[in-house]
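Results of the structural survey
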Amino acid sequence: MSLHDDAVGVLRTYDGQDELRGVYLEHLAARPDGMWKSCEAGHVTASALVIDPERGRVLLTLHKKLGMWLQMGGHCEPGDESLGAAALREATEESGIPGLALLPGGPVQLDRHAIPAPCNWHLDVQYAALAPVGAVEEISEESLDLRWFAYDEVAAVADGSVVRLLERTRAVLPARVRG
């Protein structure tokens with residue numbers, strides 16, 4: 001199965017945000033290259049909020065190009081077998097934390113945001129990744145900084161999309177972790 005096919009399958013089964021989910025599916029139906037950075041009409045990206053629920057905190061990266069505190073994430077790559085694998089790869093690379101595990105149940109949220117030319121949009125599929133006990137972060141080339149923030153600190157440092165991702169993650173966390 002191609003990454004494009006996986007994304008379509010993930011989005012078809014994603015429960016919620018019906019209008020936005022429809023935009024993503026229309027994009028992929030119209031653009032066989034819609035997964036890749038080279039698609040100037042916009043492209044699907046994958047991200048993950050690294051969360052440590054036992055300590056009530058999340059790890060955010062100070063994005064090098066944007067100068068904003070964000071969840072880990074980025075562009076899909078040809079070697080990615082699935083959207084979830086892309087999100088986990090990005091989270092692992094950017095956090096430096098081995099042993100991250102995606103929160104079961106698929107994506108937590110979708111977020112479409114404008115980006116500078118030549119592309120127009122990131123159609124981000126957002127997951128949550130559970131940090132292992134004793135996780136120690138290590139800054140990557142893509143970040144200016146990495147920092148753990150208590151849940152109640154996130155709104156003061158991050159934009160609304162990150163706050164919504166944290167809220168949605170916290171809302172689904174107990175049910176998904178219990179299984």
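Structure first, text after, so check above.
Here's a quick rundown of the structure.

Analysis parameters
- Residues numbered from 1 in each chain as written.
- Predicted model: local features only at pLDDT ≥ 70, side-chain atom pairs only at ≥ 80, totals over all residues.
- Heavy atoms only, no water.
- Helix = DSSP H or I, 4+ residues; strand = E, 2+ residues; numbered from the N terminus.
- Expected span 1.5 Å × (residues − 1).
- Buried < 20%, exposed > 50% of the residue type's maximum accessible area, 1.4 Å probe, protein only.
- Arc of directions from axis to C-beta.
- Contact = heavy atoms within 4.5 Å.
- Polar contact = N/O pair within 3.5 Å; in protein donor to acceptor, adjacent residues only side chain to side chain.
- Phe/Tyr/Trp six-rings, centres within 6.5 Å; stacked < 30°, edge-to-face > 60°.
- Axes fitted to C-alpha atoms, helices over the stretch in contact; angles between N-to-C directions.
- Parallel < 35°, antiparallel > 145°, perpendicular 65-115°, else oblique.
- Left-handed = near helix turned anticlockwise from the far one by under 90°.
- Nonpolar A, V, L, I, M, F, W, Y, C, P; charged D, E, K, R; others polar.

It is worth spelling out helix α2 (residues 18–30) at this point. Here α2 contains 13 residues, and its C-alpha end-to-end distance of 18 Å stays within 8% of the 18 Å for a straight helix at 1.5 Å per residue. Within α2 the residues assigned to the buried category are R21, Y24, H27 and L28. The buried residues of α2 occupy an angular sector of 120° when the element is viewed end-on, so they sit on one face. Opposite the buried face of α2, by more than 90 degrees, sit the exposed residues D18, E19, E26, A29 and A30. Buried residues belonging to α2 abut α1 (3–13), β1 (43–52), β6 (109–114) and β7 (121–130).

For Q71, the position within the fold is in the loop between β3 (69–70) and β4 (72–75). Among the polar contacts made by the side chain of Q71, one reaches the side chain of S47 at a distance of 3.1 Å. Of note is the side chain of Q71, whose polar atom sits 3.4 Å from the side chain of D124. The contact partners of Q71, leaving out residues within four places of it in the chain, are S47, A48, L49, L60, T61, D124, Q126, V162 and L165.

Since there are 3.6 residues in each turn of an α-helix, residues three or four apart along the chain are aligned in direction. The end-to-end C-alpha distance of helix α3 (residues 83–95) is 18 Å, a good match for the 18 Å that 13 residues give at a rise of 1.5 Å each. Residues L83, G84, A86, A87, R89, E90, A91, E94 and S95 constitute the buried set of α3. Once α3 ends, the next one or two residues include G96, with phi positive near 75°.

What follows deals with the packing of aromatic side chains. Each aromatic ring pair is summarised here by two numbers: the centre-to-centre distance and the angle between the ring planes. Applying the stated criterion to the full structure yields one aromatic pair. Both rings, one in W69 and one in F149, keep their centres 5.0 Å apart while their planes meet at 75°; by these two values the pair is edge-to-face. Within this pair, whereas W69 is found in strand β3, its partner F149 is found in strand β8 (residues 143–150), the two being separated by 80 residues in sequence. Relative accessible area serves as the criterion here: at 11%, W69 is assigned to the buried category.

Where α1 meets α2, the axes come as close as 10 Å, and the angle between the chain directions of the two elements is 155°. The orientation of α1 with respect to α2, classified from their angle, is roughly antiparallel. In the packing of α1 onto α2, the handedness of the crossing is left-handed. Together, H4, A7, V8, L11 and R12 of α1 and R21, Y24, L25 and L28 of α2 make up the contact between the two elements. For the contact of α1 with α2, the class distribution of residues is six nonpolar, one polar and two charged.

Coordinates in, geometry out; function isn't part of it.
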